[in-house]
Amino acid sequence: MYLILWKKIKKIIKIITYHKNVIKSFAGRNIIVKKIDIRKDFSKIKRIIDKYSPLRLYYFPTTKISFEHKVKKNTAQEYENFYINYPLRILKENKSKKISFFYPSTKNIDYDKKSIYSKIKLKAEIKINAFCLKNKIPIYI
């Protein structure tokens with residue numbers, strides 16, 4: 001059973017994206033590496049989803065994180081974009097596709113509920129989960 005399962009896993013195509021930190025160690029059979037800037041490459045993301053659907057989307061983009069209780073307005077807006085707006089846009093533009101969505105949670109929500117990052121991340125989890133449930137998109141947080 002293990003060998004059969006392993007053979008099946010090897011056949012799965014994995015699309016790995018990066019923006020600034022080049023990924024080299026994953027290049028190989030059934031692995032596609034793409035440079036994507038989540039801030040402006042939504043057409044690339046859509047093309048990938050169109051081409052390789054059904055897909056399991058693992059959403060890991062991030063910006064520099066501060067655990068401060070006060071941050072600059074543009075930092076808070078960047079958190080909103082990375083953790084709420086961008087993933088929701090991806091989901092909205094592809095809700096009719098056969099996709100599932102993995103969105104990583106953070107332990108900081110439990111440790112420090114007052115940091116701006118934690119507040120936005122918690123808000124993101126609630127909004128994304130609600131959107132996925134409403135649109136019958138399997139979600140894993």
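Before reading on, note that the structure itself is shown above.
Residues numbered from 1 in each chain as written. Predicted model: local features only at pLDDT ≥ 70, side-chain atom pairs only at ≥ 80, totals over all residues. Heavy atoms only, no water.

## A word on the overall build of the chain
Working step 1: Tallying secondary structure elements over the chain gives 5 helices and 5 strands in all.
Working step 2: Mapped in sequence order, the helices and strands of the chain form the string α-β-β-α-β-α-β-α-α-β.
Working step 3: For the chain, the proportion of its 141 residues judged to be buried stands at 33%.
Working step 4: Put simply, 54% of the contacts in the chain that link residues at least 6 apart link residues at least 24 apart.
Working step 5: Roughly 10,000 Å² of accessible area belongs to the chain as shown, and the carbon and sulfur atoms make up 57% of that amount. (Helix = DSSP H or I, 4+ residues; strand = E, 2+ residues; numbered from the N terminus. Buried < 20%, exposed > 50% of the residue type's maximum accessible area, 1.4 Å probe, protein only. Contact = heavy atoms within 4.5 Å. Areas by Shrake-Rupley, 256 points an atom, 1.4 Å probe, with all protein chains shown as cover.)

## Re helix α3 (residues 73–93)
An α-helix turns once every 3.6 residues. As a result, residues three or four positions apart point the same way.
Working step 1: A maximum bend of about 40 degrees is found in α3 at Asn-81.
Working step 2: Listing the buried residues of α3 in full gives Ala-76, Tyr-79, Asn-81, Phe-82, Tyr-83, Ile-84, Tyr-86, Pro-87, Leu-88, Ile-90 and Leu-91.
Working step 3: Tucked into the core, α3 has its buried residues touching α2 (42–52), β3 (55–58), β4 (99–102) and α5 (116–134). (Bend = angle between axes of the 7 residues up to and from the residue.)

## Concerning the nonpolar core
A general trend in soluble globular proteins is that nonpolar side chains are found buried together.
Working step 1: Core analysis: the largest hydrophobic core is formed by 30 residues, its most contacted members being Tyr-83, Ile-90, Leu-91, Phe-101 and Ile-128.
Working step 2: Elements that contribute at least two residues to this core include exactly α2, β3, α3, β4 and α5.
Working step 3: For this core, the element with the most residues is α3, which contributes 9 residues. (Core = buried A, V, L, I, M, F, W, Y, C linked by side-chain atoms within 4.5 Å.)

## Here we look at α2
Working step 1: All of the buried residues in α2 are Phe-42, Ile-45, Ile-48 and Ile-49. Looking down the long axis of α2, one finds its buried residues gathered within 120 degrees of arc, a one-sided arrangement. Residues of α2 that are exposed and angled more than 90 degrees away from the buried face: Arg-47 and Lys-51. (Arc of directions from axis to C-beta.)

## Description of the pairing of β4
Working step 1: Pairing geometry for β3 and β4, over 4 bridges, is parallel. Each residue of the ladder has a partner; that of Tyr-58, found in β4, is Phe-102.
Working step 2: In this fold, the crossover linking β3 to β4 by way of α3 has right-handed handedness.
Working step 3: Pairing between β4 and strand β5 (residues 139–140): 2 bridges, direction parallel. (Pairing = 2+ DSSP bridges. Right-handed = clockwise from strand over helix to strand, strands pointing away.)

## Looking at the packing of α3 against α5
Working step 1: It is at 9 Å that the axes of α3 and α5 come closest, and there the two elements cross at 10 degrees. It follows that α3 is roughly parallel to α5 by the angle criterion. On α5, the residues that touch Ala-76, Tyr-79, Glu-80, Tyr-83, Ile-84, Pro-87, Leu-88, Leu-91 and Lys-92 of α3 are Ile-116, Tyr-117, Ile-120, Lys-121, Lys-123, Ala-124, Lys-127, Ile-128, Phe-131 and Cys-132. (Axes fitted to C-alpha atoms, helices over the stretch in contact; angles between N-to-C directions. Parallel < 35°, antiparallel > 145°, perpendicular 65-115°, else oblique.)

## Let's talk about the side chain of Lys-121
Working step 1: Structurally, Lys-121 is set in helix α5.
Working step 2: Buried Lys-121, no salt bridge; nearest opposite-charge side chain is Glu-125, N-O distance 5.0 Å.
Working step 3: Other than its neighbours up to four places away in sequence, Lys-121 contacts Tyr-83, Tyr-103, Pro-104, Thr-106 and Ile-109. (Lys, Arg positive; Asp, Glu negative; His and termini not counted. Salt bridge = Lys/Arg side-chain N within 4 Å of Asp/Glu carboxyl O.)

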